[in-house]
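Spelled out from the first residue to the last, the chains are:
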Amino acid sequence: MDAEVRKKCEQAARIWGESECAIALTGAGISVPSGIPDFRSPGGLWSKFDPNEVCSQWALENNPRGVWEFMLEAVGMFSRAEPNPAHAALADLDKKGRLEAVVTQNIDGLHQMAGNREVIEFHGGCNRFFCHKCGREFVFNGLEDIAEVDMPWMCFECGGIVRPDVVFFGEQIPFKALARTQDLASRADLVVVVGTSGEVAPANTVPHMVTSRGGRMIEINLGPTLYAEIADVSIFAPAQEALPRIGEMVSARQPGV
Ligand code: ZN
């Protein structure tokens, strides 16, 4: 870690130490070190699959086989992944009362696995399934369960496709997630953005909700993003290096000191 990044981590820890209600907003970048490439990056899932053909309303109605080829690849990747030190640092800050909640655009479940108490999944999660047609819920206890099912997975009752509880292209963000996020953003005095460049709406409005009320913002990304103008501190470094370092410093401080 170079001196510039170290200095920025210290600034970030100072701001975090002064905060009384911090929330984190995370995106694909935080899970890359866990072996989950950003869907949109070269080598990511969208380089192999066309989202319109496997992750859309049209696909759910017309291409169940394609949806499930894609889902098996995604679920397989998630089930092999484990939280990395960036996830662990957020969970630790949560345990120490320094982080209220995590709002994430990720569907991989790694924040929950790391131990964060409240994780708001903007785009849903890949561990819950229901019938797209009749709404019946299906329990899923691991990849082995799915491996037993004939693909594509169809509802035994109505013949509709069984789908994950994730937001497909063209679908709405779950109302509960939106409402809870707005509630948190209206109280937070700090938002820590990790691994997301702010291009995906509406999650990208969360930092603005906090900063427009005078709250502060820290971003940890690999390079400059759309958040440059509103960030108090921009740390351009791998999150799995910067976050644990910041976390240690925040934990060493007393609240408000
Ligand atoms: Zn059904």
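Here the structure is a predicted model, which is why all the values come from computation and not from measurement.

Points about the overall build of the protein
Next, step 1: When helices and strands are counted, the protein shows 10 helices and 9 strands.
Next, step 2: Scaling as 2.2 N^0.38, a compact globule of 257 residues should have a C-alpha radius of gyration of about 18 Å, and the protein matches this with 19 Å.
Next, step 3: Counting only C-alpha atoms and orienting by the principal axes, one finds that the protein spans roughly 60 × 35 × 30 Å.
Next, step 4: A burial count over the protein gives 50% of its 257 residues as buried.
Next, step 5: Taking the intrachain contacts of the protein between residues at least 6 apart in sequence as the baseline, contacts between residues at least 24 apart amount to 70%.
Next, step 6: Accessible area for the protein stands at about 12200 Å²; split by element, carbon and sulfur atoms hold 50% of it.
Next, step 7: Here the protein contributes 23 positively and 34 negatively charged side chains, and the mean placements of these two sets differ by 6 Å.

Details of the domain arrangement of the protein
Next, step 1: Each assigned domain of the protein is listed with its residue range as follows: domain 1 (1-35 + 83-123 + 173-257) and domain 2 (37-80 + 125-166).
Next, step 2: Relative placement of domain 1 and domain 2: their C-alpha centres are 29 Å apart.
Next, step 3: Between domain 1 and domain 2, the contact holds 9 residues from the first and 11 residues from the second.
Next, step 4: Interface area, domain 1 with domain 2, both sides summed: about 790 Å², of which 57% is carbon and sulfur.
Next, step 5: For the domain 1 face of the interface with domain 2, the top three residues by lost area are Gly35, Ile107 and Glu121, together amounting to 47%.

Side note on the packing of aromatic side chains
Next, step 1: As enumerated under the stated definition, the model contains 9 aromatic pairs in all.
Next, step 2: Both rings, one in tryptophan 68 and one in tryptophan 153, keep their centres 5.6 Å apart while their planes meet at 55°; by these two values the pair is tilted. Within this pair, whereas tryptophan 68 is found in helix H4 (residues 64-80), its partner tryptophan 153 is found in the loop between helix H7 (143-147) and strand E6 (162-166), the two being separated by 85 residues in sequence.
Next, step 3: A centroid spacing of 5.4 Å and a plane angle of 40° characterise the contact between phenylalanine 129 and tryptophan 153, whose relative ring orientation is tilted. With a gap of 24 residues between them, phenylalanine 129 in strand E4 (residues 124-131) and tryptophan 153 in the loop between H7 and E6 connect regions that are remote in the sequence. The burial state of phenylalanine 129 is the same as that of tryptophan 153; both residues are buried.
Next, step 4: Three or more aromatic residues link up through ring pairs in this structure, and these residues are Phe39, Trp46, Phe49, Phe70 and Phe169.
Next, step 5: The ring of phenylalanine 168 has arginine 163 lying over it, and the distance from NZ or CZ to the ring centre is 4.7 Å.

Overview of the coordination of the zinc ion
Next, step 1: Only Cys131 (SG), Cys134 (SG), Cys155 (SG) and Cys158 (SG) from the protein reach the zinc ion as donors, at distances of 2.3 to 2.4 Å.
Next, step 2: We note that the donor set of the zinc ion lies within a single chain, spaced as C-x2-C-x20-C-x2-C. Within this pair, whereas cysteine 134 is found in the loop between E4 and strand E5 (137-138), its partner cysteine 155 is found in the loop between H7 and E6, the two being separated by 21 residues in sequence.

Regarding the environment of leucine 184
Next, step 1: Along the polypeptide, leucine 184 turns up in helix H8 (residues 175-185).
Next, step 2: C-alpha separation for the pair leucine 184 and valine 206, spaced 22 residues apart in sequence, amounts to 9.5 Å.
Next, step 3: Apart from residues lying up to four places away in sequence, leucine 184 is in contact with Ile23, Glu100, Ala101, Glu118 and Ile120.

A look at the layout of surface pockets
Next, step 1: Its boundaries defined by the atoms lining it, the largest pocket holds a volume of some 1100 Å³.
Next, step 2: Around the largest pocket, the lining comprises 50 residues; the ones closest to its centre are Ala28, Asp38, Arg40, Gln105 and Asn106.
Next, step 3: Only H4, strand E8 (216-221) and helix H10 (239-252) provide two or more residues apiece to the lining of the largest pocket.
Next, step 4: Of the residues forming the lining of the largest pocket, the biggest block, 4 residues, is contributed by H4.
Next, step 5: Classifying every residue of the lining of the largest pocket by side-chain character gives 29 nonpolar, 16 polar and 5 charged.
Next, step 6: Per-domain counts for the lining of the largest pocket show at least three residues from each of domain 1 (1-35 + 83-123 + 173-257) and domain 2 (37-80 + 125-166).
Next, step 7: One number sums up the size of the second largest pocket: a volume of about 280 Å³.
Next, step 8: Lining the second largest pocket we find 16 residues, and of these Phe78, Asp108, Cys126, Asn127 and Phe140 sit closest to its centre.
Next, step 9: Taken together, the residues of the lining of the second largest pocket break down into 7 nonpolar, 7 polar and 2 charged.
Next, step 10: Shared between two domains, the lining of the second largest pocket holds at least three residues of each, these being domain 1 (1-35 + 83-123 + 173-257) and domain 2 (37-80 + 125-166).

So, how was this worked out
- Residues numbered from 1 in each chain as written.
- Predicted model: local features only at pLDDT ≥ 70, side-chain atom pairs only at ≥ 80, totals over all residues.
- Heavy atoms only, no water.
- Helix = DSSP H or I, 4+ residues; strand = E, 2+ residues; numbered from the N terminus.
- Rg over C-alpha atoms; globule rule 2.2 N^0.38 Å.
- Buried < 20%, exposed > 50% of the residue type's maximum accessible area, 1.4 Å probe, protein only.
- Contact = heavy atoms within 4.5 Å.
- Areas by Shrake-Rupley, 256 points an atom, 1.4 Å probe, with all protein chains shown as cover.
- Lys, Arg positive; Asp, Glu negative; His and termini not counted.
- Charge placed at Lys NZ, Arg CZ, Asp CG, Glu CD.
- Domains from an automatic or database assignment.
- Buried area = accessible area lost by both parts, 1.4 Å probe.
- Phe/Tyr/Trp six-rings, centres within 6.5 Å; stacked < 30°, edge-to-face > 60°.
- Lys NZ or Arg CZ within 6 Å of the ring centre and 35° of its normal.
- Donors = N, O, S within 2.8 Å, 3.2 Å for Na, K, Ca; no water.
- 1 Å grid on protein atoms, 1.4 Å probe; cavity = no way out; pocket = protein on both sides within 12 Å on 5 of 7 lines; lining within 4 Å.
- Points joined across faces, edges and corners; volume = space filled by probe spheres on them.
- Nonpolar A, V, L, I, M, F, W, Y, C, P; charged D, E, K, R; others polar.

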